[in-house]
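Chain and residue survey
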Amino acid sequence: MNEELEALAARTLKDESNMPELLQAIRPLVQRRVAKFLPYREDAEEAVQDTLLQVVNKLHTFKGTGSFAGWVTIVATNQARQTYRSLKRRAVEQTSEYMPEAVDPRTTSVIAGSRLDLLEALEHLESSHPQLVQPLVLRDLGALSYAEIADELDVPLGTIKARIHQARKAVAERLTVR
C-alpha cells in the first residue's frame, strides 16, 4: 500500500487530475491520525476535512525527502492540534449560560478525558519547548520510526531521540501532577 501511495502522490504532483484519487487513498490514514487527538467524531471529521484541504493546497511543498505517508501524518497531526486549539478557544468564548457549571464525570469517557489531558500537556510543552512536540507526536501518536522522523524533520537521528526522551519526561510529569 505504501508504495502505491508514494506512486500516486508522485503522479499527483505531476498531474493534479489525480487529486481526488489521492485524497480518497489518504482519507483512512488521516482519520486514524486525527482520531488519536480528538475524542469526538464530529471534531475529528472537521480536522479530517481541514487536513484534506491542506493536502490539496500544500502538496507542492512535499519535498520527497521522507515518505508521503509521513508527510501526511505531519499535516494531519498539525491540523488535529489546530482544530483542538480552535475548539478550546470557541468554548472559552461562549458565555457561561450556554456552558455547564462542571463536567459530569458520568458523561465523560475515560478515553476522551485522557486524550484531552494529553492535548493539554502537549499545549503546555509547546509553550515551553516547541521543538520537542513534533518528534513526540510523530513517534508516539503517529507511529513513525525514529529514522522517518529524522528524515521528515531534517534533524539528526540522535537529536530526535533526545527530544523524544525529553518530551516524554515532560508530558509524563504534566500528566501525573493534578
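All residue numbers refer to positions counted from 1 along the written sequence of the respective chain. A pLDDT threshold of at least 70 governs which residues receive local features in this predicted model, and a stricter bar of 80 or more applies before side-chain atom pairs are shown or counted, although totals over entire chains, interfaces and linings include all residues. Hydrogens and water molecules were not included; the side-chain quantities draw on all heavy atoms of the structure.

**Some words on the packing of helix α6 (residues 130-141) against helix α7 (residues 146-153)**
Close contact between α6 and α7 brings their axes to 10 Å; oriented N to C, the two are set at 140°. Between α6 and α7, the crossing angle belongs to the class labelled oblique. Relative to α7, the crossing made by α6 is right-handed. Of α7, the residues touching α6 (which contributes Gln-134, Pro-135, Leu-138 and Arg-139) are Tyr-146, Ile-149 and Leu-153. Residues are grouped as follows: Ala, Val, Leu, Ile, Met, Phe, Trp, Tyr, Cys and Pro are nonpolar; Asp, Glu, Lys and Arg are charged; all remaining types, including Gly, are polar. Considering only residue class, the contact of α6 with α7 consists of five nonpolar, one polar and one charged. A fitted line through C-alpha atoms serves as each axis, taken over the contacting stretch for helices, and the angle formed by two N-to-C directions is quoted from 0 to 180°. Strands are runs of DSSP state E lasting at least two residues, helices are runs of H or I lasting at least four, and both sets are numbered from the N terminus onward. Roughly parallel covers angles under 35 degrees, roughly antiparallel covers those over 145, roughly perpendicular covers 65 to 115, and oblique covers all other angles. Crossings are sorted by hand: turned counterclockwise from the far helix by less than a right angle, the near helix makes the crossing left-handed, and turned clockwise it makes it right-handed. We call two residues contacting when some pair of their heavy atoms lies within 4.5 Å.

**A closer look at the packing of aromatic side chains**
Only rings of Phe, Tyr and Trp enter the pairing, Trp through its six-membered ring, and a pair is recorded when the two centres are within 6.5 Å. The plane angle decides the type: under 30 degrees is stacked, over 60 is edge-to-face, the rest tilted. Under the defined criterion, the tally for this structure stands at three aromatic pairs. Ring geometry for Phe-62 against Phe-68: centres 5.3 Å apart, planes inclined by 80°, an arrangement best described as edge-to-face. With centroids separated by 5.7 Å and ring planes inclined at 55°, the aromatic side chains of Phe-62 and Trp-71 adopt a geometry described as tilted. Note on Phe-62: relative accessible area 13%, which makes it buried. Look at Trp-71 and you get buried, because its relative accessible area is 10%. Every member of this aromatic cluster is reached through a ring pair, and the members are Phe-62, Phe-68 and Trp-71. The cut-offs for exposure are 20% and 50% of the maximum accessible area for each residue type, with area from a 1.4 Å probe on protein chains only; residues under the lower value are buried, those over the upper are exposed, and the others partly exposed.

**Side note on the confidence of the model for the chain**
Fine structural detail should not be taken from predicted coordinates in areas where pLDDT scores are low. Averaged over all residues, the pLDDT of the chain equals 82, while 84% of them reach at least 70. Every residue is assigned a pLDDT by the predictor, reflecting its confidence on a scale from 0 to 100. Within the chain, helix α5 (residues 110-128) has the poorest average pLDDT of any element, 70, and helix α2 (residues 19-35) the best, 94. Low pLDDT, under 50, characterises residues 99-113; the predicted model gives this stretch six contacts beyond four residues in sequence or across chains.

**Brief notes about the side chain of Glu-152**
Residue placement: Glu-152 occurs in helix α7. Sequence-distant contacts of Glu-152, defined by excluding residues within four places in its chain, comprise Lys-63, Gly-66, Ser-67, Gly-70, Trp-71, Ile-74 and Leu-144.

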